[in-house]
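Descriptive analysis of the structure
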Amino acid sequence: MAREAQAPMPRHDDISSMISVQDARNGVMSKIQTLQAIELPLQEAHGCILAEDVIAEADIPPFASSAMDGFAVRSSDATAATPESPVGLQVVGKAMIGQRPDATVGRGEAVRIATGAPIPAGADSVVPIEDCREEGDRVQILRGVPMGKHIRPAAEDIRAGDVLVAGGRRLSAPELGLLAAAGHMRASVHPRPRVVVFSTGDELVEPGKTLEFGKIHDSNMYTLFGQVKEAGAMPYSGGTIQDDVDELKEAVLSHLSQADVFISSGGVSVGERDVVKAAFFRRGDIDFYRVAMQPGMPQGFGLIEGKPYFGLPGNPVSVFVSFEVFIRPALLKMMGRTELERPKVTATLEGPISGPKEKTVFARVTVEPSGSGWSAAPTGGRGSNLLATVARANGLAIIPGGVEKLDAGDEVQVMVFRPRDD
């Protein structure tokens, strides 16, 4: 696969400068490459993108079969049959599913046949069992059938040489079934990225452990774990890292062989204990910059031995929004997806939302159908620590830069991140 042109990630060491959301996203996406295709068993390939066309090597189905239980006949023998004037035929054999018929059909003959069984040579139609009356080694046909009736022809579904499944298609249940029907056990697909997630901070404690004063339970690990999984990638916990540069470096390097992507939360701002910045800033692998967005202004991104590293701010809502804006599209691109955006709708606000005029604001809302359109209701305050406002929401209302406030009744574009009833 040809590599894309590498647009430089904007670097902003001056903390007073900011870059737009679109510029930051463009910089990220220019460095993201689709993962090389690998062969996976069909069960593991579910949800992955097929890397190339799969061509059918044989007809599907490979033989003509019966759509009914009944008798395989020559239609010309039974055309005139009625209940008042049945046509008698000699039963010369049977055709069972999964077996070769044990007889052929000549003039004046019939073969008993099961649904799905191969059509015996000489027959061109099937009379359903309810239109027949058996009498020893003969059968009375009570209703005639036209040629081809109740026969499933060979190659009715797929012909040899047809494209079975096109490259670029996401393999869902029907595609897996079709590949299996053609005899394929494996498929060449772009795999799911393996994403290692870290949380950083001396204040963090694993859920389930007792909190001492000044400590908080780590929520970011679990938010990101869920978001990675929902995007279709494979999340792995890298653990909670204290504010220690060497500990973070060791943790990242120890996962290099098994990870395709790294995500850390916390430690990318301007404080003296911003461990991610201290660990990687001088290496030149990771760029740290301020994005004109709320929440999620401080961001870090770069490559560590060719593998994307996303350094997110530590506040839980900032983590959620940053993932949606930057990381989810990157993971989808790595998986070979072409549709990278969440669906967006234009909704009418039920309450006011606001934010800094110089930033793009992502406000948490509940969006649902209303009349002939959509309505969006804010779910709470705009603080980046208020994770419950995300749990109550199903969309992010986007206030573009240059707009300080939108009032009830105003229209707003909403990025929908889950169905309302989930």
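Just above, that's the structure.
Since the model is a prediction, treat every value here as computed from it, not as a measurement.

1. Looking at the pairing of strand 29 (residues 411-416)
Relative to strand 29, strand 23 (residues 344-349) is paired through five bridges, and the arrangement is antiparallel. Among the inter-strand pairings, A347 is bridged to a residue of strand 29, identified as V412. Of the strand pairs in this sheet, strand 27 (residues 395-399) and strand 29 are connected by four bridges, and their pairing is antiparallel. Its bridge partner being in strand 29, I398 is matched across the sheet by Q413.

2. Regarding the nonpolar core
Of all hydrophobic cores here, the largest spans 43 residues; its most connected members are I263, F310, L331 and F362. Elements supplying a minimum of two residues to this core: helix 1 (21-30), strand 14 (194-200), helix 5 (220-230), strand 18 (261-265), strand 22 (307-312), helix 8 (316-334) and strand 27. Ranked by residues supplied to this core, first place goes to helix 8 with twelve residues. Sequence-distant contacts of F310, defined by excluding residues within four places in its chain, comprise V28, I32, V261, F262, I263, S264, G300, F301, F326, I327 and A330.

3. A word on the pairing of strand 21 (residues 298-304)
Burial within strand 21 is extensive, with six of its seven residues counted as buried. The pairing of strand 21 with strand 22 spans five bridges and is classified as antiparallel. Bridged to G300 within strand 22 is G311. Taking the residues that link successive antiparallel strands as the turn, the strand 21-strand 22 hairpin has two residues, and the phi of E305 there is positive, at about 50°.

4. Quick notes on the sheet that holds strand 5 (residues 70-73)
If you walk across this open sheet you meet the six strands as 8-5-7-6-10-9, and the pairing is mixed. Taken across any chain shown, the strands that pair with only one partner, and hence form the sheet edges, are strand 8 (125-128) and strand 9 (132-135). For this sheet the average axis-to-axis angle between neighbouring strands, irrespective of direction, equals 40°. With four bridges connecting them, strand 9 and strand 10 (residues 138-141) associate as antiparallel partners. Its bridge partner being in strand 10, E134 is matched across the sheet by V139.

Thresholds applied
- Residues numbered from 1 in each chain as written.
- Predicted model: local features only at pLDDT ≥ 70, side-chain atom pairs only at ≥ 80, totals over all residues.
- Heavy atoms only, no water.
- Pairing = 2+ DSSP bridges.
- Helix = DSSP H or I, 4+ residues; strand = E, 2+ residues; numbered from the N terminus.
- Core = buried A, V, L, I, M, F, W, Y, C linked by side-chain atoms within 4.5 Å.
- Buried < 20%, exposed > 50% of the residue type's maximum accessible area, 1.4 Å probe, protein only.
- Contact = heavy atoms within 4.5 Å.
- Axes fitted to C-alpha atoms, helices over the stretch in contact; angles between N-to-C directions.

Read these as geometric descriptors, not functional statements.
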